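Notes for the structure review
One-letter residues, chain by chain:
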Amino acid sequence: MGKGGIEIPDWRIYKVEDVPKLKAVQEKLALRGLKDPWLRNEVWRYQPCFKPIPWWRIIFKGLPIGAGLFVVAVGIEKMFAKDDGHGHH
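You'll find the protein entered in an unreviewed UniProt entry as NADH dehydrogenase [ubiquinone] 1 beta subcomplex subunit 3, with Strongylocentrotus purpuratus given as the organism. Its UniProt record gives the protein the following Subcellular location (unreviewed entry) comment, quoted word for word: "Mitochondrion inner membrane". Check the Function (unreviewed entry) section of the UniProt entry for the protein; it says "Accessory subunit of the mitochondrial membrane respiratory chain NADH dehydrogenase (Complex I), that is believed not to be involved in catalysis. Complex I functions in the transfer of electrons from NADH to the respiratory chain. The immediate electron acceptor for the enzyme is believed to be ubiquinone."

Observations concerning the overall build of the protein
Looking only at helices and strands, one finds three helices and zero strands in the protein. Taking 12 Å as the expected radius of gyration for a compact globule of 89 residues, we find that the protein reaches 27 Å, considerably beyond that expectation. Overall size of the protein, expressed as C-alpha extent along the three principal axes, is 85 × 40 × 20 Å. Taken over 89 residues, the protein has a buried fraction of 6%. Here the protein has roughly 9,000 Å² of accessible surface; of this, 64% comes from carbon and sulfur atoms. Computed over 15 positive and 10 negative side-chain charges, the inter-centroid distance for the protein is 6 Å.

Quick word on the pattern of salt bridges
Evaluation of the coordinates by the stated rule reveals two salt bridges. When the shortest N-O distance is used, the salt bridge between D10 and R12 registers 2.8 Å. In this structure R12 comes out as exposed when scored by relative accessible area, which is 51%. Here R45 and E42 are joined by a salt bridge, their closest N and O atoms 2.5 Å apart.

Some details on helix α1 (residues 20-31)
Relative to the 16 Å expected for twelve residues at 1.5 Å per residue, α1 spans 17 Å between its end C-alpha atoms, a close match to the ideal helical length. A positive phi of about 80° marks G33, the residue just after α1.

Analysis parameters
Residues numbered from 1 in each chain as written. Predicted model: local features only at pLDDT ≥ 70, side-chain atom pairs only at ≥ 80, totals over all residues. Heavy atoms only, no water. UniProt positions renumbered as here; feature names shortened; annotations may be inferred. Helix = DSSP H or I, 4+ residues; strand = E, 2+ residues; numbered from the N terminus. Rg over C-alpha atoms; globule rule 2.2 N^0.38 Å. Buried < 20%, exposed > 50% of the residue type's maximum accessible area, 1.4 Å probe, protein only. Areas by Shrake-Rupley, 256 points an atom, 1.4 Å probe, with all protein chains shown as cover. Lys, Arg positive; Asp, Glu negative; His and termini not counted. Charge placed at Lys NZ, Arg CZ, Asp CG, Glu CD. Salt bridge = Lys/Arg side-chain N within 4 Å of Asp/Glu carboxyl O. Expected span 1.5 Å × (residues − 1).

See below:
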């Protein structure tokens, strides 16, 4: 679909045995005689390239650029605003 160049990895590279947390879940389920056939679908979340992002980095992502542009806009407005004499006696 499309020519984006996105390469979809082969599903066989994701193994529950490679992730200790998921392996522990699999073992706990096995103790109760249960098996989760979809557990392999969660392995990608534990890959090194999918590190969790701190909440403050998401919220304040554009803050430095936004604050800089705000200062520039206020400076330009103060430079070119004409005094109309309202509010002062």
